Amino acid sequence: MLIPFGAAGIGILGLAGWSAWVARKAEEMVPPDGRFVDIAGARLHVVELGPAHAEGPAIVMIHGLMGQLRNFSHSLAGRLAEDHRVLLVDRPGWGHSHLAGPRPDLAGQARMIAELIDRLGLVKPLVVGHSMGGAVALSLALDFPAVPHALALIAPLSQVAERLPPAFRGLMTPPGLRELLSWTIAVPAALARARRNAAEVFAPDPVPRDFATAGGGALAARPQAYQMGSFEVNMATRAMQTLVPRYGEITLPVSILFGRNDNVLDPARHGERTAREIVGARLTLIDGGHMLPVTHAAQTEAWLRAVLAGR
């Protein structure tokens with residue numbers, strides 16, 4: 001009995017060591033781009049673009065599940081930074097941001113974003129949330145309504161999801177098991193399925209060849225990304241069940257952009273239904289998939305500029 005146990009232990013240690021090596025290589029491929037800001041419970045990695053004293057509201061961009069701030073800087077943020085102050089942030093526990101306490105739920109992340117906005121002296125910014133970042137933005141609007149000027153939600157998670165997209169089903173693991181898997185089979189599985197998962201998330205749009213580096217995609221193949229992703233997919237249902245009934249409380253302007261062919265979140269459920277439930281919310285549909293800030297940057301920029309202009 002001792003020999004098999006010892007072999008298993010050596011195998012686990014080997015996988016853990018290899019996973020740590022892969023994580024280091026991913027961080028070499030996608031190093032930090034900005035600076036770090038300490039807030040309660042986290043050290044957030046932020047990138048600031050554009051003129052510091054630009055006219056009009058600043059733009060704060062919050063990325064989605066298994067993402068990081070280069071999801072925005074790949075194609076979109078530079079366009080807006082020509083004449084706006086733009087802040088990109090790795091959400092707590094993602095990218096190069098580090099947690100100094102328990103993993104935060106949507107409300108906890110909204111509190112951290114609100115503190116970051118205050119710490120940076122931003123006054124009434126436009127808060128842009130993509131996918132899971134949209135859920136964080138909605139929580140921010142509900143719990144800290146005086147912080148944002150308006151919300152611009154791109155393919156947001158805004159309802160209780162009926163199904164988990166195939167690319168994320170491997171994240172459905174409970175605490176304890178997720179930590180073990182993250183250091184053993186999660187990284188090999190992520191690398192083996194990387195192209196397939198990316199194709200599913202981007203579909204029907206093509207995945208840019210440089211997305212692993214310029215888009216930050218390589219950082220998803222790390223143990224900590226698996227742990228945070230597993231936490232969020234398990235947390236999201238409960239959190240959205242609390243959030244959705246409160247949409248009638250939202251009074252600030254909300255605009256939603258969805259790709260008609262989104263393969264991750266249903267535009268009818270998370271776009272049309274949410275637009276009906278938030279007073280005055282406006283929905284815009286364009287041809288495209290889930291990763292609109294990367295694959296349809298020009299149309300997304302035009303939509304955001306219309307939102308900024310109040311159109």
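Everything in this summary refers to the structure shown in the same document. Remember, predicted model here, so these are calculated numbers, not experimental data.

### Focus on helix H10 (residues 223-243)
Compared with an ideal rise of 1.5 Å per residue, which puts 21 residues at 30 Å, H10 spans 29 Å between its outermost C-alpha atoms and is within 8% of the ideal. Along its length, H10 shows its largest kink, about 40°, at Ala236. Within H10, 15 of the 21 residues are buried, which leaves it mostly tucked inside the rest of the structure.

### Examining a nonpolar patch on the surface
A surface patch of nonpolar side chains, amounting to about 250 Å² of accessible area, comprises Ile12, Leu177 and Leu180. Note on placement: Leu180 falls in helix H6 (residues 177-182).

### Focus: the packing of helix H4 (residues 106-119) against helix H5 (residues 132-143)
Taken N-terminus to C-terminus, the directions of H4 and H5 make an angle of 75°; their axes are 8 Å apart at the nearest point. It follows that H4 is roughly perpendicular to H5 by the angle criterion. Along its contact with H4, which presents Leu106, Ala107, Gln109, Ala110, Ile113 and Ala114, the element H5 presents Met132, Ala135, Val136, Ser139, Leu140 and Asp143.

### Quick notes on the pattern of salt bridges
For the coordinates displayed, the defined rule picks out 18 salt bridges. Here Arg305 and Asp83 are joined by a salt bridge, their closest N and O atoms 3.0 Å apart. A residue pair is termed long-range when its members are at least 10 positions apart, and Arg305 in helix H13 (residues 297-308) and Asp83 in the loop between helix H3 (77-80) and strand S4 (86-89) qualify at 222 residues. Since its relative accessible area comes to 24%, Arg305 is described here as partly exposed. A salt bridge links Glu200 to Arg193; the nearest nitrogen and oxygen atoms lie 3.8 Å apart. For Arg193, a relative accessible area of 28% puts it in the partly exposed group.

### Section: the pairing of strand S7 (residues 150-154)
Counting buried positions along S7 yields five of five residues, so the element is predominantly enclosed. Here S7 shows a buried face lined by Ala150, Ala152 and Ile154 and a second buried face lined by Leu151 and Leu153. Of the pairings in the sheet, the one linking strand S6 (residues 126-130) to S7 comprises five bridges and is parallel in character. Bridged to His130 within S7 is Ile154. The handedness of the S6 to S7 crossover, carried by H5, is right-handed. Pairing of S7 with strand S8 (residues 254-259) involves four bridges; the strand directions are parallel. Following the sheet pairing, Leu151 is matched in S8 by Val254.

### Quick notes on the packing of aromatic side chains
Applying the stated criterion across every chain yields a total of one aromatic pair. The interplanar angle of 80° and the centroid separation of 5.0 Å between the aromatic rings of Phe202 and Phe211 together place this pair among those described as edge-to-face. Each member of the pair, Phe202 as well as Phe211, carries the same accessibility label: buried.

### With respect to the side chain of Arg91
Mapped onto the elements, Arg91 comes out in the loop between S4 and strand S5 (98-99). Reaching out from Arg91, the side chain makes a polar contact with the backbone oxygen of His63 at a distance of 2.9 Å. Arg91 has contacts with Ile62, His63, Gly64, Leu65, Ser97, Gln109, Met132, Val136 and Glu232, leaving out every residue within four places of it along the chain.

### Examining the packing of H5 against H10
For the pair H5 and H10, the least separation of the axes is 12 Å and the interaxial angle reads 35°. The interaxial crossing formed by H5 with H10 has left-handed handedness. Listed contacts from H10 to Met132, Ala135, Leu138, Ser139 and Leu142 of H5 are Glu232, Ala236, Met240 and Leu243. For the contact of H5 with H10, the residue count by class is seven nonpolar, one polar and one charged.

### Looking at unusual backbone geometry
Ala203 connects to Pro204 through a cis peptide bond whose omega is 5°. With respect to the secondary-structure elements, Pro204 resides in the loop between helix H8 (194-202) and helix H9 (211-214). Here the phi dihedral of Ser131 falls at roughly 55°; this positive angle occurs in a residue that is not glycine. Considering the arrangement of structural elements, one finds Ser131 in the loop between S6 and H5. Positive phi values are uncommon outside glycine, yet Ala155 reaches one of about 45°. Relative to the helices and strands, Ala155 resides in the loop between S7 and H6.

### Focus: the environment of Leu126
Position of Leu126 among the secondary structure elements: in strand S6. Setting aside residues no more than four positions away along its own chain, Leu126 makes contact with Pro57, Ala58, Ile59, Val60, Ala150, Leu151, Ala152, Leu304, Val307 and Leu308.

What counts and what doesn't
- Residues numbered from 1 in each chain as written.
- Predicted model: local features only at pLDDT ≥ 70, side-chain atom pairs only at ≥ 80, totals over all residues.
- Heavy atoms only, no water.
- Helix = DSSP H or I, 4+ residues; strand = E, 2+ residues; numbered from the N terminus.
- Expected span 1.5 Å × (residues − 1).
- Bend = angle between axes of the 7 residues up to and from the residue.
- Buried < 20%, exposed > 50% of the residue type's maximum accessible area, 1.4 Å probe, protein only.
- Patch = residues over 30% accessible without salt bridge, like charges linked within 9 Å, V, L, I, M, F, W, Y side chains within 5 Å.
- Areas by Shrake-Rupley, 256 points an atom, 1.4 Å probe, with all protein chains shown as cover.
- Salt bridge = Lys/Arg side-chain N within 4 Å of Asp/Glu carboxyl O.
- Axes fitted to C-alpha atoms, helices over the stretch in contact; angles between N-to-C directions.
- Parallel < 35°, antiparallel > 145°, perpendicular 65-115°, else oblique.
- Contact = heavy atoms within 4.5 Å.
- Pairing = 2+ DSSP bridges.
- Right-handed = clockwise from strand over helix to strand, strands pointing away.
- Phe/Tyr/Trp six-rings, centres within 6.5 Å; stacked < 30°, edge-to-face > 60°.
- Polar contact = N/O pair within 3.5 Å; in protein donor to acceptor, adjacent residues only side chain to side chain.
- Left-handed = near helix turned anticlockwise from the far one by under 90°.
- Nonpolar A, V, L, I, M, F, W, Y, C, P; charged D, E, K, R; others polar.

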